[in-house]
Amino acid sequence: MAPKSKEKSKTSTSQPPPAIEDLFTSLNNHIQGSEFEEAVKVADKVLSIVPTDEDAIRCKVVALIKDDKIDDYLIKDVKINGALSVINSFQKLPIDLGFHKAYCLYRLNKLDEALVCLKGLERDSETLLLESQILYRLGKADACVDVCQKLSKSKIESLEINLVAALITAGKASQVPKALEGLKIKPTSTYDLAYNTACSLIENNNYADAEQLLLTAKRIGQETLTEDDCSDEYIETELAPISVQLAYVQQVLGQTQESTSSYIDIIKRNLADEPSLAVAVNNLVASKGSKDISDGLRKFDRLKEKDSQNFQLSQELDAKLSQKNKEAIYANRVLLLLHANKMDQARELCAALPAMFPESVIPTLLQAAVLVRENKAAKAEELLGQCAEKFPEKSKLVLLARAQIAASASHPHVAAESLSKIPDIQHLPATVATIVALKERAGDNDGAAAVLDSAIKWWSNSMTESNKLSVLMPEAAAFKLRHGQEEEASRLYEEIVKNHNSTDALVGLVTTLARVNVEKAETYEKQLQPLPGLKAVDVDNLEKTSGAKPIEGGAASSSQEEVKKEKAKRKRKRKPKYPKGFDPANPGPPPDPERWLPRRERSSYRPKRKDKRAAQIRGSQGAVTKDKQEAAPSTSKSNQAASSKANAAAPSSKASKKKSRR
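This is a predicted model, so every value here is computed, not measured.

Undergrad: Could you clarify how one ought to interpret the confidence of the model for the chain in this entry?
TA: Detailed reading of the predicted coordinates is not advisable wherever pLDDT is low. This prediction gives the chain a mean pLDDT of 80; 83% of its residues lie at or above 70. Looking across the chain, the model is least confident in helix α33 (residues 637–661), with a mean pLDDT of 37, and most confident in helix α21 (residues 362–373), with 94. Per-residue pLDDT stays below 50 along residues 4–16; that stretch engages in 13 contacts with residues further than four places along the chain or on separate chains. Every residue in residues 626–662 scores below 50 in pLDDT, and together they form 10 contacts with partners more than four places removed in sequence or on other chains.

Undergrad: Help me understand the packing of helix α24 (residues 412–420) against helix α25 (residues 429–441), please; the structure alone is not making it clear to me.
TA: To characterise two packed helices, one gives the angle between the axes of the helices and the distance between these axes. Taken N-terminus to C-terminus, the directions of α24 and α25 make an angle of 155 degrees; their axes are 8 Å apart at the nearest point. Regarding the angle of α24 to α25, the classification is roughly antiparallel. Crossing handedness for the pair α24 and α25: left-handed. Facing P412, A415, A416, L419 and S420 of α24, the residues of α25 in contact are T431, T434, I435, L438, K439 and R441. In the contact of α24 with α25, the residues fall into six nonpolar, three polar and two charged.

Undergrad: Looking at this structure, I do not really get helix α16 (residues 274–288). What am I missing?
TA: Turn by turn, an α-helix covers 3.6 residues, leaving residues three or four places apart pointing in a common direction. The first and last C-alpha atoms of α16 sit 21 Å apart over 15 residues, in line with the 21 Å expected at 1.5 Å per residue. Looking at α16, one finds that the buried residues are P275, S276, L277, A278, A280, V281, N282, N283, L284 and V285. Buried residues along α16 sit against α14 (240–252), α15 (256–269), α17 (293–301), α18 (315–320) and α19 (323–339). Phi turns positive one or two residues past the end of α16, at G289, with a value near 70 degrees.

Undergrad: Quick question: what am I supposed to make of the nonpolar core here?
TA: Within the largest apolar cluster, 79 residues are counted, with the highest numbers of intra-cluster contacts made by L27, C104, I134, L214 and I242. Counting residues per element, this core draws most heavily on helix α11 (residues 191–203), which supplies eight residues. Those residues within four positions of I242 in sequence are excluded, and the remaining contacts are Y191, Y195, L214, A217 and K218. Membership of the second largest hydrophobic core comes to 50 residues, among which are L452, W459, L492 and V510.

Undergrad: Mind showing me how you'd approach the side chain of N282 here?
TA: With respect to the element layout, N282 can be found in helix α16. Of the residues examined, N282 reaches a relative accessible area of 8% and is grouped as buried. Within the local environment of N282, its side chain forms a polar contact with the side chain of N283, the two groups lying 3.4 Å apart. Not counting residues up to four positions away in its chain, the partners in contact with N282 are F300, A328, I329 and N332.

Undergrad: Any chance you could explain helix α9 (residues 159–169) here in plain terms?
TA: With respect to burial, α9 is a largely interior element, nine of its 11 residues being buried. Listed as buried for α9 are L159, E160, I161, L163, V164, A165, A166, L167 and I168. Turning to α9, the residues buried within the fold contact α7 (125–137), α8 (141–150), α10 (176–183) and α11. At the exit of α9 stands G171, carrying a positive phi of roughly 80 degrees.

Undergrad: Which parts of the structure should I look at to understand the packing of aromatic side chains?
TA: Both the distance between ring centres and the angle between the ring planes are used here to describe each pair of aromatic rings. Here the structure, examined in full by the defined rule, presents five aromatic pairs. Where F300 meets F311, the ring centres are 6.3 Å apart and the plane angle is 75 degrees; that geometry is what we call edge-to-face. Taken together, the residues F300 in helix α17 and F311 in the loop between α17 and α18 connect sequence positions 11 residues apart. The residues F300 and F311 share a single accessibility class, namely buried. Taken together, F300, F311, Y330 and F357 form an aromatic cluster joined through their ring pairs.

Undergrad: Quick question: what am I supposed to make of the environment of A449 here?
TA: Summarising the element assignment, A449 is placed in helix α26 (residues 445–461). By relative accessible area, A449 is classed as buried at 7%. In sequence terms A449 and F479 are 30 residues apart; their C-alpha atoms lie 7.8 Å from each other. The contacts of A449, once residues within four sequence positions are left out, are F479 and K480.

About the cut-offs
- Residues numbered from 1 in each chain as written.
- Predicted model: local features only at pLDDT ≥ 70, side-chain atom pairs only at ≥ 80, totals over all residues.
- Heavy atoms only, no water.
- pLDDT = per-residue confidence, 0-100.
- Helix = DSSP H or I, 4+ residues; strand = E, 2+ residues; numbered from the N terminus.
- Contact = heavy atoms within 4.5 Å.
- Axes fitted to C-alpha atoms, helices over the stretch in contact; angles between N-to-C directions.
- Parallel < 35°, antiparallel > 145°, perpendicular 65-115°, else oblique.
- Left-handed = near helix turned anticlockwise from the far one by under 90°.
- Nonpolar A, V, L, I, M, F, W, Y, C, P; charged D, E, K, R; others polar.
- Expected span 1.5 Å × (residues − 1).
- Buried < 20%, exposed > 50% of the residue type's maximum accessible area, 1.4 Å probe, protein only.
- Core = buried A, V, L, I, M, F, W, Y, C linked by side-chain atoms within 4.5 Å.
- Polar contact = N/O pair within 3.5 Å; in protein donor to acceptor, adjacent residues only side chain to side chain.
- Phe/Tyr/Trp six-rings, centres within 6.5 Å; stacked < 30°, edge-to-face > 60°.

Spelled out as structure tokens, the structure:
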């Protein structure tokens, strides 16, 4: 902000010293040259001469904001007031700094205070633009869209970028093309707008077009920033969100290897864009699932506050990430802790999540997961039931989780009750079949029949094209027949025959009526078409027979033999595999036929000769040893057995000699 030229002092009592004009000239030069630190020093000199000068105060506040010194900071252990403290120190003066204060509160992530501060200000374009950004950060996307639409007539730079982002957050991504047409702006006019438009395509599950638009946004950004003489590091940091989003699209499209390498590359580069780094870490951990749990926990630790013992995102990430992204990071952290069996940390983190995300059901689902791991299924069911009552519009996911937990814990009545409370799916055939099976398991057959009747009634009154009566009514009839309700079953079968002309239903009707009303069954039996190739059958003789017997050596056996012969013919002869370097034409000498026998059993085996010194004469001089015989080497098995027995007995004789010496 360039200050006004000073000719007269704001004070009415005395004239300013001559140096004041030079100070304002220097202040103006510093601001024009983006030398904000020097501008603050010059502004302090002006305020030391004229403490109430409005222009000097405004210049100092704006310079501090531009220098990112919103809050108080330290220089050599000396506390220096930031922009917000400077504004508060001049509150008593008749100077309107409300907009600057609201912006400082917004930058410090004190969003509610910032919104209150804006209420008393004039509703000009700057105020409305700041209000839209605050509402967007608060997650009030609908209100943000309304404010952006009010600003559409005013020519504000990059308004379309905020409008598209607000529409996506409000769940109105399908309205983005129409909004851009109304503003007469192409999605590829800037790389920021192309990126946001690609995000709207992702919300609409149009991933292929989103990938192409993200590649275009990256190219436009590279060209634009290069023309502006930006450094490579700055360009890489500025385009980091596009790279992360492109990797996410590749991950969804099944290009796992490309997306994983992109995430790892972004994390290794350690970019200055903390939010993009956090999203890359989260997506990489999510893609790996339960693999490399310890590595995933270490990566998440990079995102937390350094001084915090518990897991808590850093202040910068907490201020810049959306609620949806923060919730995903905390949820994945809890899941990793569960996989790592660190129950205490998971329980502690889950306890803090409801206060962070009071309007979300995800914290409750995570708490239920922890309870299930602790074998407290009943408590988890109770917790999810309370959450479904508290958030009825978000209860579908909660009730499905409750039904799954209850079914796994052998609580079929709780599971059936949970599914029955979901109006979107309670009449679909799959849901009806599940509820009926659960009620049957719980022994409530009447309740199961009531579910079937309710579903049939609902589909009878519905005007949808894909009517499911043809699926539900036969199943309901079979259920009633299975549980002894023949009259109800026959009524359903009769209705199916009249409305859908089903042969299977006619067979079921005849079979069911045969138990209740034989005459009526015979009437419907006449509508059955005769089987082809079956002319006349004597039922009485057929009932007296003992049944069909297999014929030995008949056509069936002969056909089987033919099939076996054909299979034998189909077998192709494979060439034998020879060892490496073997020539079949010159095989050489034949292999030894005894090569697989143990050595002792081969004809060429020769046992080792005994040591003659083992039979040395011991005892008094002149003594003669008995059994002085040496067996000649022999290949016969009997001789081998005898020698083995002799060898086996030798140790025992030595032992007896040793004992005698003692």
